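Examination of the molecular architecture
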Amino acid sequence: MCKGITVFAPAKINIGLKVFPKRQDCYHDIKSIFTVINLRDELTVSLSGQNNSCIVECDNFALPEENTFTKAYKAFCVLTGVCQGVCVKLVKHIPAGGGLGGGSSDASSFIQSLDILFDTHLTETSLDEISSQVGSDVFFFTKALYSGCENFTAVVQGRGDRVTQIEGRKDLHILLLFPGVSVSTKDAYAWIDERHQKEGFAADDADGDIRSFVEEFNKPVRKWFFQNDFTAPVTAHFGEISLALQALRQCGADFVDMSGSGSSVFGIFKEVEKAQAAFQILSENWHAALV
């Protein structure tokens, strides 16, 4: 059993995101393509002298007392019988409330660290059991980590627990803009529910064939018709996000949308030179990252 470990937690973007009406258990089914991007938090996990304790230190971000780390630690301990405490030093690069899955990815990498620290050899079933108690996106990040694939891409369905890996694309040059606002996931789903009640919901099968999604993903980016169902209701409440989307379009992005429930937006460029030129222009007025 080792004394400490440093791991990285990657962000993701959503390419297309359908949100279905609320289920009886209050979750929503989704259908989306998730792809890992080169933006990562850094976690150093070490053993502490206090049992049944998970202490998280982060200089540049304030975490609530109950967070994805503490949830993951409790679920891990219940499943494995481990009681020794741990300390986590977190360096955040993925913005919170940005729709990039930072909290879920941190939790997934943390679970991986615990598995290594305590030599528990968790099975895929055990990992899914822990993920289910922490957050819906944790399923995706856990599969991404254990796949060993740098650009892990998958169609994600159900509440996020159905992850079907597909071949990723290496020709996507992605420019992120961070509008500087934080969107509550709870609020975003509430706005979606309001729209479903007022406007109804076009018939679609949440559990249906994913081939059409994959076929669309493999087309030239300019021909994509993907839409994020969160974009319209969220931008109605946050004008900054609309401005960021407009800025990317004006810089010639081939595809533009918001990731997850926001607030981060992204533009995809066919040519890396155009992405680099757009980054130089937009970074003068926006917090931007070329990933």
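Residues numbered from 1 in each chain as written. Predicted model: local features only at pLDDT ≥ 70, side-chain atom pairs only at ≥ 80, totals over all residues. Heavy atoms only, no water.

1. Details of the pairing of strand β2 (residues 28-47)
Convention followed: Partly exposed describes any residue whose relative accessible area lies between the buried limit of under 20% and the exposed limit of over 50%, with all areas from a 1.4 Å probe on protein chains only and scaled to the type maximum. Helix and strand labels come from DSSP, where a helix needs a run of H or I of at least four residues and a strand needs a run of E of at least two; each type is numbered from the N terminus. The pairing criterion for strands is at least two bridges between them, as found by DSSP.
Most of β2 is tucked away: 14 of the 20 residues are buried. Note: strand β1 (residues 4-22) against β2, 16 bridges, orientation antiparallel. Counted as the bridge partner of glycine 4 is serine 46 from β2. Linking β1 to β2, which pair antiparallel, is a turn of five residues; within it cysteine 26 sits at a positive phi near 75 degrees. Bridge count between β2 and strand β5 (residues 153-158): six bridges; the pairing is antiparallel. The residue of β5 that forms the bridge with lysine 31 is glutamine 157. Inspection of the sheet shows β2 paired to strand β4 (residues 86-91) by six bridges, in the antiparallel sense. When the sheet's bridge partners are listed, leucine 47 is paired in β4 with valine 86.

2. Examining the pairing of strand β6 (residues 162-166)
Pairing of β5 with β6 involves five bridges; the strand directions are antiparallel. Of the residues in β6, the one forming a bridge with valine 155 is threonine 164. The hairpin formed by β5 and β6 contains three residues between the paired strands, and glycine 160 there has a positive phi angle of roughly 115 degrees.

3. A short note on the environment of glycine 4
What counts here: Throughout, a contact is declared for two residues whenever any of their heavy atoms are within 4.5 Å.
Tracing the backbone shows glycine 4 in strand β1. Spatially, the C-alpha atoms of glycine 4 and lysine 18 are 40 Å apart, while their sequence positions differ by 14 residues. Aside from chain neighbours lying at most four places away, what touches glycine 4 is Val45, Ser46 and Leu117.

4. Considering the layout of surface pockets
So the rule is basically this: Using a grid of 1 Å spacing that covers the protein atoms alone, one calls a set of points a cavity when a 1.4 Å probe fits there but cannot get out, and a pocket when the set is open and has protein on both sides within 12 Å along at least five of seven lines; lining residues are those with an atom within 4 Å of a point. Grid points are joined across faces, edges and corners, and a volume is the space filled by probe spheres set on the points. Amino acids outside the nonpolar list (Ala, Val, Leu, Ile, Met, Phe, Trp, Tyr, Cys, Pro) and the charged list (Asp, Glu, Lys, Arg) are all regarded as polar, and Gly is one of them.
Its boundaries defined by the atoms lining it, the largest pocket holds a volume of some 1,200 Å³. As for the largest pocket, its lining consists of 44 residues, of which Ser104, Ser136, Asp137, Thr185 and Ser261 are closest to the centre. For the lining of the largest pocket, the elements supplying multiple residues, two or more each, are β1, β2, α1 (68-80), α2 (102-117) and α5 (185-199). No other element matches the five residues that α5 contributes to the lining of the largest pocket. Here the residues of the lining of the largest pocket sort into 19 nonpolar, 17 polar and eight charged. A volume near 630 Å³ is recorded for the second largest pocket.

5. What about the packing of α1 against helix α3 (residues 124-132)?
Operational definition: Here an axis means a line fitted to C-alpha atoms, over the contact stretch when the element is a helix, while the angle between two N-to-C directions is reported on a 0 to 180 degree scale. Working definition: roughly parallel below 35 degrees, roughly antiparallel above 145 degrees, roughly perpendicular at 65 to 115 degrees, and oblique for all remaining angles. For any pair of crossing helices, the crossing counts as left-handed if the nearer helix is rotated counterclockwise from the farther one by less than a right angle, and right-handed if it is rotated clockwise.
Packing of α1 against α3 leaves a shortest axis separation of 9 Å and a crossing angle of 135 degrees. Classified by the angle their axes make, α1 and α3 are oblique. Once α1 is placed against α3, the crossing between them reads as right-handed. The segment α1 lies against α3, with Ala72, Ala75, Phe76 and Leu79 engaging Ser126, Glu129 and Ile130. Among the residues forming the contact of α1 with α3, the class breakdown is five nonpolar, one polar and one charged.

6. Structural notes on the packing of aromatic side chains
Quick note on the threshold: Between 30 and 60 degrees the pair is tilted, below 30 it is stacked and above 60 it is edge-to-face, where a pair is any two Phe, Tyr or Trp rings, Trp via its six-membered ring, whose centres lie within 6.5 Å.
With the rule as written, the count across this model stands at 12 aromatic pairs. With a centroid separation of 5.1 Å and 75 degrees between ring planes, the pair formed by tryptophan 224 and phenylalanine 255 is classed as edge-to-face. On the criterion of sequence distance, the pair formed by tryptophan 224 in the loop between α6 (211-217) and α7 (231-237) and phenylalanine 255 in strand β8 (residues 255-258) is long-range, its members being 31 residues apart. Note on phenylalanine 255: relative accessible area 7%, which makes it buried. On the numbers, 6.2 Å between centres and 40 degrees between planes, the contact of phenylalanine 255 with phenylalanine 266 is tilted. In this pair, phenylalanine 255 is assigned in strand β8 and phenylalanine 266 in strand β9 (residues 265-269), connecting sequence segments 11 residues apart.

7. A word on the pattern of salt bridges
Quick note on the threshold: Every case where a carboxyl oxygen of Asp or Glu lies within 4 Å of a side-chain nitrogen of Lys or Arg is listed as a salt bridge.
In the structure shown here, the tally under the stated rule is 10 salt bridges. When the shortest N-O distance is used, the salt bridge between lysine 219 and glutamate 216 registers 3.3 Å. Salt bridges sharing common partners tie together Arg23, Asp25 and Asp29.

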